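# An overview of the molecular structure
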Amino acid sequence: MATRILSAREMKAEGQAIKARFKTTLGIEYLDKLPATIPPGKALVHNNVRPTRQLGLRGFRAWLVDPDDDRQSRRVVCDCGWAPELGKHYRLTR
Ligand SMILES: [Zn+2]
């Protein structure tokens, strides 16, 4: 089996393609860093990995959604205490 070595540019393109697919299929656009405030009409969601302040660490991801976007209907209000300055947020349930 041949191993394909990806260049840094290809890896980046691959990552962006995955991001784009997430966005179109699930409405998920991962945040690289936390916003100072939640934009109006958006809700903050994180996955069910134990939250860390640093996004992306140990698989922790967070993103913004339209609250009426039902493609992620498995989300619940989360009280884990992560990012209290941003107010209410949600997490995905398993
Ligand atoms: Zn939480």
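Shown above is the structure to which this text applies.
Here the residue numbering is sequential within each chain, running from 1 through the sequence in written order. Where local features are concerned, this predicted model is filtered to residues with pLDDT of at least 70; where side-chain atom pairs are given and counted, the filter is 80 or more; whole-chain, interface and lining totals use all residues.

The helix and strand labels rest on DSSP assignments: H or I over at least four residues marks a helix, E over at least two residues marks a strand, and numbering proceeds from the N terminus. Within the protein chain one finds 1 helix and 4 strands. Secondary structure elements in the protein chain, listed N-terminal to C-terminal, are α-β-β-β-β. Along the longest, intermediate and shortest principal axes, the C-alpha atoms of the protein chain span 50 × 25 × 25 Å. Once C-beta atoms are placed from the backbone, each residue is buried if 20 or more other C-beta atoms lie within 10 Å of its own, exposed if 12 or fewer, and partly exposed for counts between those two. Counting all 94 residues of the protein chain, 11% fall into the buried class.

Side chains H89 and R91 of strand β4 (residues 89-92) all project onto a buried face; the interleaved residues Y90 and L92 project onto a face where none is buried. Between any two strands, at least two bridges found by DSSP are needed for them to pair. Of the strand pairs in this sheet, strand β1 (residues 43-46) and β4 are connected by 2 bridges, and their pairing is parallel. The partner of H46 across the bridge, within β4, is R91. Of the pairings in the sheet, the one linking strand β3 (residues 75-78) to β4 comprises 4 bridges and is antiparallel in character. Bridge pairing in β4 places V77 opposite Y90.

Turning to its location among the elements, R53 is positioned in the loop between β1 and β2 (62-65). Residue R53 is classed as exposed on the basis of its C-beta count, with 10 C-beta atoms lying within 10 Å. Along the backbone, R53 and I18 are 35 residues apart, and their C-alpha atoms lie at a distance of 23 Å.

This part covers the nonpolar core. As a rule of thumb, soluble globular proteins bury nonpolar side chains together. A set of buried residues qualifies as a nonpolar core if it consists of Ala, Val, Leu, Ile, Met, Phe, Trp, Tyr and Cys joined through C-beta atoms within 7 Å. Core analysis: the biggest nonpolar cluster contains 6 residues, these being I28, A43, L44, V45, A62 and W63. Broken down by secondary-structure element, the contributors of at least two residues to this core are β1 and β2. Placing C-beta atoms from the backbone, we regard two residues as in contact once those atoms come within 7 Å. When near neighbours in sequence (up to four residues on either side) are disregarded, A62 contacts L31, L44, V45, H46 and L55.

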